[in-house]
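Commentary on secondary and tertiary structure
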Amino acid sequence: MTIKHILGNWKMHGQKKQAIELTQAIVAFKIPENVKTAVFPPFTSLHIVASELIASKIALGAQDCSNEIGGAFTGDISTLMLAEAGCKYVIVGHSERRAQHNESSELVKHKAEAAISAGLIPVICVGENIGERESGTYLQAITKQTKDSLPSLAHSSKFIIAYEPVWAIGSGKTPSLAEITEVHKTIASLLSYDTSVAKHDAVKTAIVYGGSVKPENAREILASEGVDGVLVGGASLKAEEFCKIIESAA
Ligand code: PEP
């Protein structure tokens, strides 16, 4: 059975009413056996969504975390807090945080390590910008970003990598299927070189694609070589669209 991850990043959407309605609609949908799905609401809705997810097959994730364990870090949320709130996953290094909050790959790496220490699975985002794509330097850029963002001891840890070309996020544009596979293969080659993933017990690094995934393109993206799932932004805010994407992974 080929496992596919369908992850819904709500970004800064999902106050109480919307969060409850959206979660209830997704919970009512029958998740196919081979699909692992999770929703990533904003911090303030984590508890309410967690209570709606009890007894469902859908996991909870957060959109960011601190790299620190605790202390004088006003406004930050630790990975232990997220674990206590019921999270299984946490996104780190989303391009919006890299761009809007100047997050470096070094910080992303430390966030991923903090997540693993707390028993969470980090979803580490990497991806080229439009300049890197157009100048043909995207594979070098992604290689550097991935290597710099990987947690140390990556070989014995569980994490997910999300390939999200910055220019594809929220734009309606996507790379071709061949281009997606090219990048996923490049990332996979770094993992087997850096982490000997295949040699380590149950550790399997999933590489998911994100950027303008919709019900119309999900099936072919999910069927592409090297694609272990999708990270969905906009379309994860509409239960019908998100459930269609889940269905297309069956
Ligand atoms: C995202 O922000 O992770 C994302 C993939 O967004 P969208 O699906 O809206 O492009």
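See the structure above.
Calculation criteria
- Residues numbered from 1 in each chain as written.
- Predicted model: local features only at pLDDT ≥ 70, side-chain atom pairs only at ≥ 80, totals over all residues.
- Heavy atoms only, no water.
- Helix = DSSP H or I, 4+ residues; strand = E, 2+ residues; numbered from the N terminus.
- Buried < 20%, exposed > 50% of the residue type's maximum accessible area, 1.4 Å probe, protein only.
- Axes fitted to C-alpha atoms, helices over the stretch in contact; angles between N-to-C directions.
- Parallel < 35°, antiparallel > 145°, perpendicular 65-115°, else oblique.
- Left-handed = near helix turned anticlockwise from the far one by under 90°.
- Contact = heavy atoms within 4.5 Å.
- Phe/Tyr/Trp six-rings, centres within 6.5 Å; stacked < 30°, edge-to-face > 60°.
- Lys NZ or Arg CZ within 6 Å of the ring centre and 35° of its normal.

Considering the environment of Gln 15
Tracing the backbone shows Gln 15 in the loop between β1 (4–9) and α1 (16–27). Gln 15 sits in the exposed class, given a relative accessible area of 69%.

As for the packing of α1 against helix α2 (residues 46–53)
Contact pair α1 / α2: the axes reach a minimum separation of 9 Å and the direction vectors enclose 25°. Between α1 and α2, the angle falls in the class roughly parallel. Here α1 runs over α2; the crossing is right-handed. Counted together, Lys 16, Ala 19, Ile 20, Thr 23, Gln 24 and Val 27 of α1 and Ile 48, Val 49, Glu 52 and Leu 53 of α2 form the full contact between these two elements.

With respect to the packing of aromatic side chains
Using the criterion set out here, one finds 2 aromatic pairs in the structure. Judged by centre distance (6.0 Å) and plane angle (65°), the rings of Tyr 163 and Tyr 209 are edge-to-face. Here Tyr 209 lies in strand β7 (residues 206–210) and Tyr 163 lies in strand β6 (residues 160–163), a separation of 46 residues in the sequence. Sitting over the ring of Tyr 138, Arg 133 keeps its end group 3.7 Å from the ring centre.

The values are spatial; any link to function lies outside them.
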